[in-house]
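# Per-entry structural report
Each chain is listed here by its residues.
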Amino acid sequence: MSVVGFLLQAVLTSSVSVAMPAGYSPGVAPDTSQIRVQTDSSKREVLVTLGPFQLEDMSGMDHHAMPMDDGAGHDTPVYDFTWPIDGWFRGFRIEVVDGSGNPLPREIMHHMIMVNYDRRQLLYSAAERIMGAGSETGDAVLPKSVGVPVHAGMRLGVYVAWHNATGAPIDEAYLKIALLWSPKNLMPQPVSSLPIYMDVNLEVGGTNTFDVLPGRTEKSYEFSVPVSGRLLGISGHLHDYGVAVRLEDAETGKIITQVDGQRLPDGKVTGVERKLFGVLGRGLKLRADKRYRVVGIYDNPTGETIRLGAMAEIVGLYVPDDMAQWPEVDLNDPTFQRDLVSLAEMGREQAEMDHGAHEAHEEDAKPDAKEGHEEHEKKKEEHKH
Ligand SMILES: [Cu+2]
């Protein structure tokens, strides 16, 4: 049986055999050799250490010309761990070190994503992405008045993509992530806020990239929120030639808010602005009985279509009016299963090739999805998310 088929079956079987929502296994056998988790209660930190990783030097390589099966900037597998305490997650600090604990350049970590298998995203039937960081992202800490609710026993996973362009190979690299929490007896109680992700073109378990046509173009996605609430703050993500991502009332077209890309004169995008609607104030209200539209705006001056060159999304923190109304993880939903499969597959392409099973993988993978993934890897290489 091919690897993809096996993973699919493993995930489906584990969900069908367990009736209780708390009993499923999100992936195949967890790889624990690369992850260590320590709790420092006095500092109120959970320290997650990933590694060691051996990183080839990727400087001087032309990613346009290269096949993408070279391992450059590929995601690692997802390393699963169990969150140890009840309280609120409120931020992180990241360090990249060598085998002796000496600092390595922070930017060799291209991006890092943390997944919460035990909570659904608000808009999508997919596991919550509780945090993420890119090579350009600094450490992030919320005020003590706000936090993302977490419970002891929550099943989390983390993966990273490395890009070593230092000019020399690195024998041993470790990623150290300090996760800061507030205890559940903290007074006053922090406001519980959850990540919200609004993408103009997401296929859960697949890709969210799309073509950048010449000139000024827009791509949009309509949705409603399952529970009313308020946005505390937002930012976004765009690729080169991105102009802005806006949120509008789908019925009236009225613009609710917008984040602009930080563009260089040639259209290259270096980041996206952040907007705070008042961490202590009321925030920006979204209502469950309304339709919304998220719109990505691009302006491509090259005169040519850039295939799968674009992404457009708004990310933020959302305070639901009633946490009990937050949509539950539905393991019988094929969409949620697709997300689990894509997470379980992550980082395994290289290993498959090393074991000569690449043909089986090619056979099973949807040609479009695979191509899209590789194109996106290229964009990630170029644009340093
Ligand atoms: Cu992107």
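Residues numbered from 1 in each chain as written. Predicted model: local features only at pLDDT ≥ 70, side-chain atom pairs only at ≥ 80, totals over all residues. Heavy atoms only, no water.

## Brief notes about the overall build of the protein
For the record, the criterion: Secondary structure elements follow DSSP: runs of H or I of four or more residues count as helices, runs of E of two or more count as strands, with numbering from the N terminus. Exposure classes here rest on a 1.4 Å probe applied to the protein chains alone. A residue is buried below 20% of its type maximum, exposed above 50%, and partly exposed in between. The contact criterion used is simple: two residues touch if any of their non-hydrogen atoms lie within 4.5 Å. What sets the accessible areas is the Shrake-Rupley method with a 1.4 Å probe; for residues, cover comes only from the shown protein chains.
Looking only at helices and strands, the protein features 5 helices and 23 strands. Per-residue burial for the protein yields a buried fraction of 51% across its 385 residues. Expressed as a percentage of contacts within the protein between residues at least 6 apart in sequence, the contacts between residues at least 24 apart total 80%. On the protein, roughly 17,500 Å² of surface is accessible, and the fraction owed to carbon and sulfur atoms is 52%.

## With respect to the sheet that holds strand 3 (residues 79-82)
Rules: A pair of strands is labelled paired if DSSP reports no fewer than 2 bridges between them. Axis definition: a line fit to C-alpha positions, over the contact stretch in the case of helices; interaxial angles, taken between N-to-C directions, run 0 to 180 degrees.
Read from one edge of the open sheet, 4 strands run 3-9-5-6, paired in antiparallel fashion. Where the open sheet ends on each side, the last strands, each with one partner, are strand 3 and strand 6 (127-134). Geometrically, the sheet is characterised by an average inter-axis angle of 25° between neighbouring strands, direction not taken into account. Sheet analysis places strand 5 (residues 109-120) next to strand 6, joined by 7 bridges and oriented antiparallel. Residue pairing in the sheet places Arg120 in a bridge with Ala127 of strand 6. Where helix 2 (residues 334-345) meets the sheet, it contacts strand 5, strand 6 and strand 9 (155-162), and its direction lies at approximately 140° from that of strand 5.

## Some points on the environment of Val225
Mapped onto the elements, Val225 comes out in the loop between strand 14 (215-223) and strand 15 (229-238). Residue Val225 is classed as buried on the basis of its relative accessible area, which comes to 2%. In this structure the C-alpha to C-alpha distance between Val225 and Arg291, which are 66 residues apart in sequence, comes to 8.0 Å.

## Points about the sheet that holds strand 16 (residues 242-249)
The strand order 14-21-16-17-18 describes an open sheet built from 5 strands, whose pairing is antiparallel. Every interior strand has two partners, whereas the edge strands, strand 14 and strand 18 (269-272), have only one. With direction set aside, neighbouring strand axes in the sheet form an average angle of 20°. Here strand 17 (residues 255-263) runs beside strand 18; their pairing, made up of 3 bridges, is antiparallel. When the bridges of strand 18 are listed, Gly261 appears paired with Val272.

## Regarding the pattern of salt bridges
Selection rule: By definition here, a salt bridge exists when the distance from a side-chain nitrogen of Lys or Arg to a carboxyl oxygen of Asp or Glu is within 4 Å.
According to the stated counting rule, one finds 13 salt bridges in the structure shown. Across the pair Arg246 and Glu248 runs a salt bridge whose closest N-O atoms are separated by 2.7 Å. Overall, Arg246 belongs to the buried group, its relative accessible area being 13%. Residue Glu248 is classed as buried on the basis of its relative accessible area, which comes to 6%. Taking the shortest distance from any N to any O, the salt bridge between Lys290 and Asp249 comes out at 3.1 Å. Taken together, the residues span a long stretch of sequence, with Lys290 in the loop between strand 20 (284-286) and strand 21 (292-300) and Asp249 in strand 16 at a distance of 41 residues. For Asp249, a relative accessible area of 8% corresponds to the buried category. Within the structure, one salt-bridge network assembled from shared partners comprises Glu218, Glu222, Arg246, Glu248, Arg291 and Arg293.

## Looking at the packing of aromatic side chains
For clarity, the threshold we go by: To pair, rings of Phe, Tyr and Trp, with the six-membered ring standing in for Trp, must have centres within 6.5 Å; the planes then decide the type, stacked if under 30 degrees apart, edge-to-face if over 60, and tilted in the middle.
Tallying each qualifying case throughout the model produces 8 aromatic pairs. Here the aromatic rings of Phe53 and Trp162 are separated by 5.4 Å at their centres, their planes lie at 50°, and the arrangement is tilted. With Phe53 in strand 2 (residues 45-55) and Trp162 in strand 9, the pair connects residues that are 109 residues apart, well separated along the chain. An identical accessibility class is assigned to Phe53 and Trp162; each is buried. Summarising the aromatic geometry, the rings of Phe210 and Tyr298 are spaced 5.8 Å apart at their centres and angled 85° between planes, so their arrangement reads as edge-to-face. Linking Phe210 in strand 13 (residues 210-212) with Tyr298 in strand 21, this pair joins segments that are 88 residues apart in sequence. Take Phe210 and Tyr298: they sit in the same class, and that class is buried. Chaining the aromatic ring pairs together yields one cluster made of Tyr124, Tyr197, Tyr221, Phe223 and Tyr292.

## Re the confidence of the model for the protein
Note the threshold: A residue's pLDDT is simply how confident the predictor is in it, with values from 0 to 100.
Residues of the protein with pLDDT of at least 70 account for 78%, and the chain-wide mean is 82. The low-confidence segment residues 1-29 (pLDDT under 50) makes 40 contacts with residues lying over four places distant or belonging to another chain.

## Overview of helix 2
Quick note on the threshold: By this rule, a helix spans an expected 1.5 Å times one less than how many residues it contains. Each polar contact in these results corresponds to two N or O atoms within 3.5 Å; when the atoms are within protein, one needs to be able to donate a hydrogen and the other to accept it, and residues that are neighboring in sequence are counted only if both atoms are side-chain atoms.
Along its 12 residues, helix 2 runs 16 Å from first to last C-alpha, staying within 8% of the 16 Å computed at 1.5 Å per residue. Burial in helix 2 covers these residues: Phe336, Gln337, Asp339, Leu340, Val341, Ser342, Leu343 and Ala344. Structurally, the start of helix 2 carries an N-cap: the backbone nitrogen of Thr335 is 2.8 Å from a side-chain oxygen of Asp333. Just beyond helix 2, the residue with positive phi is Gly347, at close to 75°.

## Observations regarding the side chain of Asp249
A distance of 3.1 Å separates a polar atom in the side chain of Asp249 from a polar atom in the side chain of Lys290. Dropping the residues within four chain positions of it, Asp249 is found in contact with Lys254, Ile256, Lys290, Arg291 and Arg293.

## Description of the pairing of strand 5
Counting buried residues along strand 5, 10 of its 12 residues qualify, which places the element largely inside the surrounding structure. In this sheet, strand 9 lies alongside strand 5 in antiparallel orientation, the contact comprising 7 bridges. Paired with Ile113 across the two strands is Tyr159, which belongs to strand 9. Counting the residues between successive antiparallel strands, the hairpin from strand 5 to strand 6 contains 6 residues.

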